[in-house]
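Structural characterization, general
As a plain string of letters, each chain reads:
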Amino acid sequence: MYCIKANSLHKSYGSLIAVNGIDLSVKYGEVFGFLGPNGAGKSTTIKLLTTLIPPTSGSINVLGIDAIANPLETRKKIGVVFQQPSYEPTLTVEKALEKYGMMWDVDHKTRKDRVEELLSSFNLEEIRKIKNEDLSIGQRRRVQVAREFMHDMKLLFLDEPTAGLDPKARRSLLDFLKNRVKVGLTIFFTTHVLSEAEYLCDEIAIINKGKILAVDSPEELKNRFGREKTIKIRIQEPKPELLKLLENIQDCHIDFNSGTNITIRSGNSETILLQILQILNENNVVIEELSTNPTNLEEIFLSMVNESDASNS
Ligand SMILES: Nc1ncnc2c1ncn2[C@@H]1O[C@H](COP(=O)(O)OP(=O)(O)OP(=O)(O)O)[C@@H](O)[C@H]1O
Ligand SMILES: [Mg+2]
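Residues numbered from 1 in each chain as written. Chains lettered and ligands numbered in written order. Predicted model: local features only at pLDDT ≥ 70, side-chain atom pairs only at ≥ 80, totals over all residues. Heavy atoms only, no water.

A closer look at the domain arrangement of the chain
Splitting the chain by domain gives domain 1 (2–224) and domain 2 (227–294). The C-alpha centroid of domain 2 is placed 43 Å from the C-alpha centroid of domain 1. (Domains from an automatic or database assignment.)

If you want it as structure tokens, here you go:
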């Protein structure tokens, strides 16, 4: 049984296809990360899954409920923090939490306890008496995320919850979420920041232009793509004729603008490095600096998105 199961989801706005045939299977108790560039369709997918907007076609099952046929029943069981800021300007931080609890019919005692707990967990105690309109952007975002935990839920959608948060607040939110997952919460989470997805998620889907390019655990994504290494070489003097020679090397991706920096990415970096060193040696090129590092997931993500852009255009 899946916590979220969506099949062949489409959403068009006129001639623009924001979501183009997405299938999703999210298991209970996992954190599912949705990663993609601006305009990829992340927020649209969240709006579809949380019944804020209806799909053009496709099916959505959330917590065993047909979400398209039963939007209200679905919404009662889930939590959502949308990407757009949402706050009550004139309410203080503590009153805003309190009011959110009232909206969800949380009883008085539980409400009081939760307000205190969340003020502490989200490091809001010092600003508890400050009105939302007077908060900084990051503080306001923290209140927006915190208030969602005033009510009980089995499934939580978070659309870029860490946007605008400083590194400390970011890490503390991720750790808070991790603890909630340990006690049974399922999370659907979007971000641009791959390291964040890696830290928190059991599965990561990479989306671009309304389509999912890959879904896997962070480890598997690394296994699949992570054998790749990046070799960086800085040569003493520009040597444009090297370009032709380097182009002959197979099984790698070379970035060389005829200047002094050569960047090579390959899953077969040892062999490639030998070939390059040989060419440089034969041409009496002096190397000033050389490094070999694992290609990080961020670069893998970018190149996957770039390749899909290239094949679509
Ligand atoms: N109501 C709307 N009317 C017309 N186009 C829309 C509407 N909502 C979204 N779009 C378009 O759909 C595409 C996907 O938008 P979406 O907000 O889902 O992207 P995103 O992945 O969340 O991006 P970001 O990282 O910037 O938040 C974009 O091209 C956007 O302009
Ligand atoms: Mg978005």
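Observations concerning the coordination of the magnesium ion (ligand 2)
On the protein side, the magnesium ion (ligand 2) has Ser43 (OG) and Gln83 (OE1) as donor atoms, found 2.0 to 2.1 Å from it. Taken together, the residues span a long stretch of sequence, with Ser43 in helix α1 (residues 42–49) and Gln83 in the loop between β6 (78–81) and α3 (93–103) at a distance of 40 residues. Among the residues examined, Ser43 registers a relative accessible area of 18% and is labelled buried. Under the relative-accessibility criterion, Gln83 is labelled partly exposed at 33%. (Donors = N, O, S within 2.8 Å, 3.2 Å for Na, K, Ca; no water. Helix = DSSP H or I, 4+ residues; strand = E, 2+ residues; numbered from the N terminus. Buried < 20%, exposed > 50% of the residue type's maximum accessible area, 1.4 Å probe, protein only.)

Some words on the nonpolar core
Among the nonpolar cores identified, the biggest contains 44 residues, and Phe122, Phe149, Leu177 and Ile187 are the most heavily contacted of them. By residue number, the principal contributor to this core is helix α6 (residues 167–182), which donates 6 residues. Setting aside residues up to four positions removed in sequence, Phe122 forms contacts with Arg142, Val145, Ala146, Phe149, Leu173 and Phe176. Leu9, Leu48, Ile60 and Phe157 belong to the second-largest nonpolar core, a separate cluster that totals 26 residues. (Core = buried A, V, L, I, M, F, W, Y, C linked by side-chain atoms within 4.5 Å. Contact = heavy atoms within 4.5 Å.)

Considering the site of ligand 1
Within the structure, ligand 1 sits among 14 residues, and Gly39, Lys42, Ser43, Thr44 and Gln83 are positioned closest to it. A distance of 2.9 Å separates an oxygen atom of ligand 1 from a polar atom in the backbone of Gly41. Contact distances for ligand 1 include 2.5 Å between an oxygen atom and a side-chain N or O atom of Thr44. Out of a free accessible area of 640 Å², ligand 1 has 64% covered by protein chains. In terms of residue count, α1 provides more of the shell around ligand 1 than any other element does, 3 residues in total. (Near = heavy atom within 4 Å. Polar contact = N/O pair within 3.5 Å; in protein donor to acceptor, adjacent residues only side chain to side chain. Areas by Shrake-Rupley, 256 points an atom, 1.4 Å probe, with all protein chains shown as cover.)

Looking at the environment of Pro71
Take Pro71: it is sitting in helix α2 (residues 71–77). Sequence separation between Pro71 and His151 is 80 residues; the distance between their C-alpha atoms is 18 Å.

Remarks on the sheet that holds strand β14 (residues 287–294)
Read from one edge to the other, the open sheet built from 4 strands follows the order β12-β13-β11-β14, with strand pairing classed as antiparallel. In this open sheet, the two strands that pair with only one neighbour each are β12 (253–256) and β14. When the angles between neighbouring strand axes are averaged without regard to direction, this sheet yields 10°. Of the strand pairs in this sheet, strand β11 (residues 229–235) and β14 are connected by 7 bridges, and their pairing is antiparallel. Bridge pairing links Arg234 to Glu289 in β14. Here helix α10 (residues 269–282) sits on the sheet and contacts β11, β13 (261–266) and β14; the angle it forms with β11, its principal contact strand, is near 15°. (Pairing = 2+ DSSP bridges. Axes fitted to C-alpha atoms, helices over the stretch in contact; angles between N-to-C directions.)

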